[in-house]
Amino acid sequence: ATDRYIFQLEESTAAVEEICDKLRAQDRRLIELVYWQRSYTVRGAAEKLHMDTSTAYDHLNSVLYDIAVLLGYIRNPE
């Protein structure tokens, strides 16, 4: 692995940790079920958490957006 690759990996990991540390418990569980464990689809995780599917997608999109902004992939329009 190159130094640049390791730097980018560390940067990405730090961004994900920073955003996940700020999440509410339900959103953290949603991320865990869908992305870390890969044991549920978004729809399945939403049902398990007693959440509407569209709400689950909104929450996941918000988390991914925040990570992308933190990494500089997109600009926050604020």
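In short, a report on the structure. Fair warning: this is a prediction, and the values are worked out from it, not measured in the lab. The residue count restarts for each chain, going from 1 along the sequence in the order it is written. pLDDT decides what is reported in this predicted model: residues at 70 or higher carry local features, side-chain atom pairs at 80 or more are listed and counted, and totals for whole chains, interfaces and linings draw on all residues regardless. Computation of side-chain values: all heavy atoms of the structure, hydrogens and water removed.

## Re the pattern of salt bridges
To keep things clear, this is the line we draw: Every case where a carboxyl oxygen of Asp or Glu lies within 4 Å of a side-chain nitrogen of Lys or Arg is listed as a salt bridge. Working definition: helices are DSSP H or I runs of at least four residues, strands are E runs of at least two. Numbering for both runs from the N terminus.
Across all of its chains, the model carries 3 salt bridges by this definition. For the salt bridge of Arg29 with Glu32, the shortest nitrogen-to-oxygen distance reads 3.0 Å. Pair noted here: Arg29 and Glu32 are both in helix α2 (residues 25-36), with a separation of 3 residues, about one helical turn.

## Things to note about the packing of helix α1 (residues 3-21) against helix α4 (residues 53-71)
Where we set the bar: Fitting a line to C-alpha atoms yields each axis, with helices limited to the stretch in contact; the angle taken between N-to-C directions then spans 0 to 180 degrees. Here is the rule for angles: anything less than 35 degrees is roughly parallel, anything more than 145 is roughly antiparallel, 65 through 115 is roughly perpendicular, and the remaining ranges are oblique. Handedness of a crossing is defined here by the sense of rotation of the near helix relative to the far one, left-handed for an anticlockwise turn of less than a right angle and right-handed for a clockwise turn. Residue contacts are counted whenever heavy atoms from the two residues lie within 4.5 Å of one another. By the convention adopted, Pro, Cys, Tyr, Trp, Phe, Met, Ile, Leu, Val and Ala count as nonpolar, Lys, Arg, Asp and Glu as charged, and the other residues, Gly among them, as polar.
For the pair α1 and α4, the least separation of the axes is 9 Å and the interaxial angle reads 135°. As the angle between them shows, α1 and α4 are arranged oblique. Of the two elements, α1 crosses α4, and the hand of that crossing is right-handed. Facing α1, whose interface residues are Glu11, Ser12, Ala15, Val16, Glu18 and Ile19, α4 presents Val63, Asp66, Ile67, Leu70 and Leu71. Residue composition of the contact of α1 with α4, by class: 7 nonpolar, 1 polar and 3 charged.

## With respect to α1
The test is simple: One fewer than the residue count of a helix, multiplied by 1.5 Å, yields its expected span. Each residue's exposure class comes from its accessible area (1.4 Å probe, protein chains only) as a fraction of the maximum for that residue type: buried when under 20%, exposed when over 50%, partly exposed otherwise. This arc is taken over the directions from the axis of the helix to the C-beta atoms.
The end-to-end C-alpha separation of α1 is 27 Å, in line with the 27 Å expected for 19 residues at 1.5 Å each. Among the residues making up α1, those that are buried are Ala15, Ile19 and Cys20. The arc that holds every buried residue of α1, seen down its axis, measures 125°, which confines them to one face. For α1, the exposed residues lying more than 90 degrees away from the buried face are Asp3, Glu10 and Asp21.

## Notes on unusual backbone geometry
Phi is positive for Arg38, close to 55°, though the residue is something other than glycine. In this fold, Arg38 is placed in the loop between α2 and α3 (42-48). We note that His50 has phi near 55°; this positive angle belongs to a residue other than glycine. Position of His50 relative to the elements: it lies in the loop between α3 and α4.

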